[in-house]
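Here's the letter readout for the chains.
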Amino acid sequence: MRELDELLERNRRWAESVKATQPDFFKQLSKQQHPKYLWIGCSDSRVPANQILGLAPGEIFVHRNVANVVVHADLNCLSVLQFAIDVLKVEHIMLVGHYGCGGVRAVLDGARHGLVDNWLRHVGDVLQKHRDAFDIIDTTSMKHARLCELNVIEQVVNICQTTIVQDAWDRGQKLEVHGLVYSLFDGRLRDLGISTHSHVTLAETYVQSLARLGITRGSF
Ligand code: CO
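What you see is a predicted model; the values in this text were computed from it and never measured. (Residues numbered from 1 in each chain as written. Predicted model: local features only at pLDDT ≥ 70, side-chain atom pairs only at ≥ 80, totals over all residues. Heavy atoms only, no water.)

### Comments concerning the overall build of the protein chain
Next, step 1: Looking only at helices and strands, the protein chain features 10 helices and 5 strands.
Next, step 2: Radius of gyration (C-alpha) of the protein chain: 19 Å, near the 17 Å computed for a compact globule of 220 residues.
Next, step 3: For the protein chain, the spread of C-alpha atoms along the principal axes amounts to about 55 × 50 × 30 Å.
Next, step 4: The proportion of buried residues among the 220 residues of the protein chain is 44%.
Next, step 5: Relative to all contacts within the protein chain whose residues are 6 or more apart in sequence, the contacts with residues 24 or more apart total 63%.
Next, step 6: Carbon and sulfur atoms make up 52% of the accessible area of the protein chain, which amounts to about 12,200 Å² in all.
Next, step 7: Separation of charge centres in the protein chain, based on 24 positive and 25 negative side chains, amounts to 2 Å. (Helix = DSSP H or I, 4+ residues; strand = E, 2+ residues; numbered from the N terminus. Rg over C-alpha atoms; globule rule 2.2 N^0.38 Å. Buried < 20%, exposed > 50% of the residue type's maximum accessible area, 1.4 Å probe, protein only. Contact = heavy atoms within 4.5 Å. Areas by Shrake-Rupley, 256 points an atom, 1.4 Å probe, with all protein chains shown as cover. Lys, Arg positive; Asp, Glu negative; His and termini not counted. Charge placed at Lys NZ, Arg CZ, Asp CG, Glu CD.)

### Here we look at the coordination of the cobalt ion
Next, step 1: Every protein donor of the cobalt ion is accounted for by Cys-42 (SG), His-98 (NE2) and Cys-101 (SG), and the metal-donor separations fall at 2.0 to 2.3 Å.
Next, step 2: For the cobalt ion, all donor residues lie on one chain, and their spacing in sequence is C-x55-H-x2-C.
Next, step 3: Among the residues examined, His-98 registers a relative accessible area of 1% and is labelled buried.
Next, step 4: By relative accessible area, which is 2% here, Cys-101 ends up buried. (Donors = N, O, S within 2.8 Å, 3.2 Å for Na, K, Ca; no water.)

### Overview of the side chain of Asn-65
Next, step 1: Along the chain, Asn-65 turns up in strand β2 (residues 60-65).
Next, step 2: In this structure Asn-65 touches Gly-41, Cys-42, Ser-43, Asp-74 and Trp-119, once residues within four positions along its chain are discounted.

### Topic: the nonpolar core
Next, step 1: Leu-38, Ile-40, Ile-93 and Ile-159 are the most contacted members of the largest nonpolar core, which totals 54 residues.
Next, step 2: Top element by residues in this core is helix α8 (residues 140-160). It accounts for 10 residues.
Next, step 3: Setting aside residues no more than four positions away along its own chain, Ile-159 makes contact with Ile-40, Val-70, Leu-81, Ile-93, Leu-95, Val-165 and Val-177.
Next, step 4: Core analysis: the second largest hydrophobic core is formed by 9 residues, Val-47, Ile-60, Met-94 and Leu-180 among them. (Core = buried A, V, L, I, M, F, W, Y, C linked by side-chain atoms within 4.5 Å.)

This is the structure in structure tokens:
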């Protein structure tokens, strides 16, 4: 059997099993979606949003790219953000990195993989910004973990500084942005303590989340 045929067969069995337990599931879902959450995470095949959170189709809006980067000129990510906030009215945005991220590791190693290196340069900027914090870490694995965490914190700041989030907060829309790291080793999410719901709290939570990692010179 061709691989595609096998996947189509798996899909057929899945759709039938859902219908068997919830006959109206697809009919209801096809009418509209009301997700409360937006997940921005890594493209890594081991970090699937719905499964990790135990959520069904329709419950979370998802954007993924290599190394979960939020760039202010990335029309794709900005469009997802704008649609999720302005149209779907999600209440929580989760920026989710993960330990063991290959994209982050490539930055630390200075490895070359092609075009993607230019994308990963944004993670390189995070490394450069916090260079002092890395000099005092002994092992490569600890440096890798720390860059995964710092990348999440800096991308949360990037989300909060978009005009889309700023405008939502200005008009009083309920919206909270969170930074999390997923562990491939035990399947658990770790909160990095940078949850922010307004302009006012962003600077404070940023400094606090860095302090939790032992970095005390953090500023915007
Ligand atoms: Co990754």
